[in-house]
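# Structural characterization, general
One-letter residues, chain by chain:
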Amino acid sequence: LDRLDTDEVIEMIRALAVLSEDTVSTIVSLASGLPLAVEEVANSEATGSPPLRFNDSVQARLNRLSQTARSALSGAALMGERSRWTVAADAVGADADDAFRAASSLDFVTAVPDGDDSRFRHALTRECVLAQINPTERVRLARAAAEALDRTQDRSVGTALLASELWEKAREPGKAASRIAPLG
């Protein structure tokens, strides 16, 4: 997707919200023609927040989540752009439905029609969520997600590869290797 030119950004902003000319000009300069950034920044202004950079907008939404829902979202981010939400919630002891409702109401994730998968609304949103996880928490969350995934007893190739990746992020190379060894 190409960047939008100034007229296209202004048209998109006008479709999203009624804002002052000064605010529109600020959004045009902040969004750099990226449709996702235009939407994020315009929506932050429409809800009463000052125009922000994309990352600041994502951070502001993260701050509106409960700690449990935020942890589930972080676990889902570690699992990939598309993840099994029930596993991510189980990893942090969250109620899957409540945590998903909170994360989806703030436009972080959407449901995937088949099964209990969710996907991030956009890869950049997932990257912003990942960026806020400190290294120690990343290891702890990866271990918890790998353990939750192992509890599913799903031995498919995709699950084995994901579990192996999570065990690697958890700094458990032996467990990572043991999940993919049966694949031959």
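The following refers to the structure shown. (Residues numbered from 1 in each chain as written. Predicted model: local features only at pLDDT ≥ 70, side-chain atom pairs only at ≥ 80, totals over all residues. Heavy atoms only, no water.)

### Here's the deal with the overall build of the protein
Heads up, the rule is: Every helix listed is a DSSP run of H or I at least four residues long, and every strand listed is a run of E at least two residues long, numbered separately from the N terminus. Summary of the burial criterion: residues with accessible area below 20% of their type's maximum are buried, those above 50% are exposed, and those between are partly exposed, where the area comes from a 1.4 Å probe applied to protein chains only.
The helix and strand inventory of the protein stands at eleven helices and three strands. Along the protein, helices and strands appear, N-terminal first, in the series α-α-α-α-α-β-α-α-β-β-α-α-α-α. Expressed along its principal axes, the backbone C-alpha trace of the protein runs to roughly 60 × 30 × 30 Å. Counting the 184 residues in the protein, one finds 43% classified as buried.

### Description of the sheet that holds strand β3 (residues 117-120)
Note the threshold: When DSSP finds at least two bridges between two strands, those strands are taken to pair. Between N-to-C directions, angles cover 0 to 180 degrees, with each direction set by a line fitted to C-alpha atoms, over the stretch in contact for helices.
Strand order in this open sheet of three strands is β1-β3-β2, and the pairing throughout is antiparallel. The outermost strands of the open sheet, each flanked by one partner alone, are β1 (82-84) and β2 (109-111). Across the sheet, the mean angle from the axis of one strand to that of its neighbour is 35°, orientation sign disregarded. With three bridges connecting them, β2 and β3 associate as antiparallel partners.

### Observations concerning the pattern of salt bridges
It is possible for side chains bearing opposite charge to pair when their charged atoms get close. Rules: Salt bridges are defined as contacts in which a side-chain nitrogen from Lys or Arg sits within 4 Å of a carboxyl oxygen from Asp or Glu.
For the structure shown, the criterion picks out eleven salt bridges. Residues R84 and D154 are paired through a salt bridge, measuring 3.2 Å at the closest nitrogen-oxygen approach. Placement of R84 in strand β1 and of D154 in the loop between α9 (135-151) and α10 (157-169) is noted, with a sequence separation of 70 residues between them. Classification of D154 by relative accessible area gives partly exposed; the value is 25%. As a salt-bridge pair, R101 and D98 come within 2.8 Å of each other at their nearest N and O atoms. With R101 and D98 both in helix α7 (residues 96-105) and three residues apart, the pair spans about one turn of that helix.

### Some points on the layout of surface pockets
As a reminder, the rule being used: Residues are said to line a cavity or pocket when one of their atoms sits within 4 Å of a point; the points come from a 1 Å grid over protein atoms alone, cavities being sets where a 1.4 Å probe fits but cannot get out and pockets being open sets with protein on both sides within 12 Å along at least five of seven lines. Grid points are joined across faces, edges and corners, and a volume is the space filled by probe spheres set on the points. Just so you know the grouping, Ala, Val, Leu, Ile, Met, Phe, Trp, Tyr, Cys and Pro go in nonpolar, Asp, Glu, Lys and Arg go in charged, and all remaining residues, Gly too, go in polar.
Of the volumes computed, that of the second largest pocket is approximately 160 Å³. Lining of the second largest pocket is provided by twelve residues; of these, L34, P35, L36, A37 and L124 occupy positions nearest its centre. Take the lining of the second largest pocket: its biggest share by element is three residues, from helix α3 (residues 35-46). Split by residue class, the lining of the second largest pocket holds nine nonpolar, two polar and one charged.

### Re the nonpolar core
Rules: Residues belong to one nonpolar core when they are buried, are Ala, Val, Leu, Ile, Met, Phe, Trp, Tyr or Cys, and are joined through side-chain atoms within 4.5 Å. Here a residue-residue contact requires only that any non-hydrogen atoms of the pair lie within 4.5 Å.
Grouped together as the largest cluster of nonpolar side chains are 43 residues, with contacts concentrated most on L73, W85, F108, V109 and L166. When contributions to this core are tallied by element, the ones reaching two or more residues are α4 (54-63), α5 (67-79), α6 (85-91), α7, α8 (123-131), α9 and α10. Each residue touching W85, except ones within four places of it in the same chain, is listed here: A72, L73, A76, A96, A99, F100, A103, V109, D116 and S118. Counting twelve residues, the second-largest nonpolar core is a separate cluster that includes V24, A31, V41 and A42.

### Digging into the packing of aromatic side chains
Where we set the bar: For Phe, Tyr and Trp, rings pair up if their centres lie within 6.5 Å, where Trp contributes its six-membered ring, and each pair is then called stacked (planes under 30 degrees apart), edge-to-face (over 60) or tilted (otherwise). Think of it as a cone above the ring: NZ of Lys or CZ of Arg counts as a charge over the ring if it is within 6 Å of the ring centre and within 35 degrees of the ring normal.
Per the counting criterion, the structure on display carries one aromatic pair. When the centroid spacing of 5.6 Å and the interplanar angle of 75° are considered together, the rings of W85 and F100 count as edge-to-face. Here W85 is found in helix α6, whereas its partner F100 is found in helix α7, with 15 residues between them in sequence. F100 shares its class with W85; the two are buried. One Lys or Arg, R61, reaches over the ring of F108 and ends 4.4 Å from the middle of that ring.

### Details of the packing of α5 against α8
Let me state the cut-off plainly: Here the angle decides the label: under 35 degrees means roughly parallel, over 145 means roughly antiparallel, 65 to 115 means roughly perpendicular, and every other value means oblique. Crossing chirality is assigned from the near helix's rotation relative to the far helix, an anticlockwise turn below a right angle marking it left-handed and a clockwise turn marking it right-handed.
Packing of α5 against α8 brings their axes to within 9 Å, and their N-to-C directions diverge by 115°. As the angle between them shows, α5 and α8 are arranged roughly perpendicular. The handedness of the crossing between α5 and α8 is left-handed. Contact with α5, carried on its side by L73, S74, A77 and L78, involves R126, V129 and L130 of α8 and no other residues of that element. Among the residues making up the contact of α5 with α8, the classes are represented as five nonpolar, one polar and one charged.

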